Amino acid sequence: SGVGSGATVTISGTDTAGTVTVNAGSGAGNGVLANVSFVSAFNGNPHVVITPVTSNIALANSNFYLISRTSSGFSIASSSFGGATGSISFDYIVVD
């Protein structure tokens, strides 16, 4: 996993908007940082927009993207999270 050992991921919000917070653990690396599952599935693959929120310059300069998006959820990943420390949040909105 990209978040590392001892990491935490918290999700607050609804199926259509919210915040995902990732606290990096030891050995954080590239890959999936968080999986978000919808309470109620959408009719098809919805449009998902994520916005990173952090004051940590090293994390702000990382590359984040949606690695998957289905009617039942989405996953956030990074290709440059290796050695990360601290936390980063992602605000998200989902439109059917």
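Not measured: the values here are computed from a predicted model. (Residues numbered from 1 in each chain as written. Predicted model: local features only at pLDDT ≥ 70, side-chain atom pairs only at ≥ 80, totals over all residues. Heavy atoms only, no water.)

> Got a sec to walk through the packing of aromatic side chains? Specific residues and values, please.
Going through the model one piece at a time under the given rule, you end up with five aromatic pairs. Ring centres of Phe64 and Phe81 lie 6.3 Å apart, and the angle between their planes is 65 degrees; on these two criteria the pair is classed as edge-to-face. Placement of the pair is Phe64 in strand β5 (residues 64-70) and Phe81 in the loop between β6 (73-78) and β7 (87-95), with a sequence separation of 17 residues. Among the residues examined, Phe81 registers a relative accessible area of 1% and is labelled buried. Ring plane angle 65 degrees and centroid distance 5.3 Å describe the contact between Phe74 and Tyr92, whose orientation is recorded as edge-to-face. Residue Phe74 is found in strand β6, and its partner Tyr92 is found in strand β7; the two are separated by 18 residues along the sequence. An identical accessibility class is assigned to Phe74 and Tyr92; each is buried. Chaining the aromatic ring pairs together yields one cluster made of Phe38, Phe42, Phe74 and Tyr92. (Phe/Tyr/Trp six-rings, centres within 6.5 Å; stacked < 30°, edge-to-face > 60°. Helix = DSSP H or I, 4+ residues; strand = E, 2+ residues; numbered from the N terminus. Buried < 20%, exposed > 50% of the residue type's maximum accessible area, 1.4 Å probe, protein only.)

> Explain the pairing of β7 residue by residue, including any values.
Within a regular beta strand, the side chains point alternately toward one face of the sheet and then the other, so they alternate between its two faces. Examined bridge by bridge, strand β2 (residues 17-23) and β7 share seven bridges and lie antiparallel to one another. Paired with Gly18 across the strands is Tyr92, a residue of β7. Two strands pair when backbone bridges link them, and strand β4 (residues 47-53) and β7 are joined in this way by seven bridges, in the antiparallel orientation. Bridge pairing in β7 links Val48 to Val94. (Pairing = 2+ DSSP bridges.)

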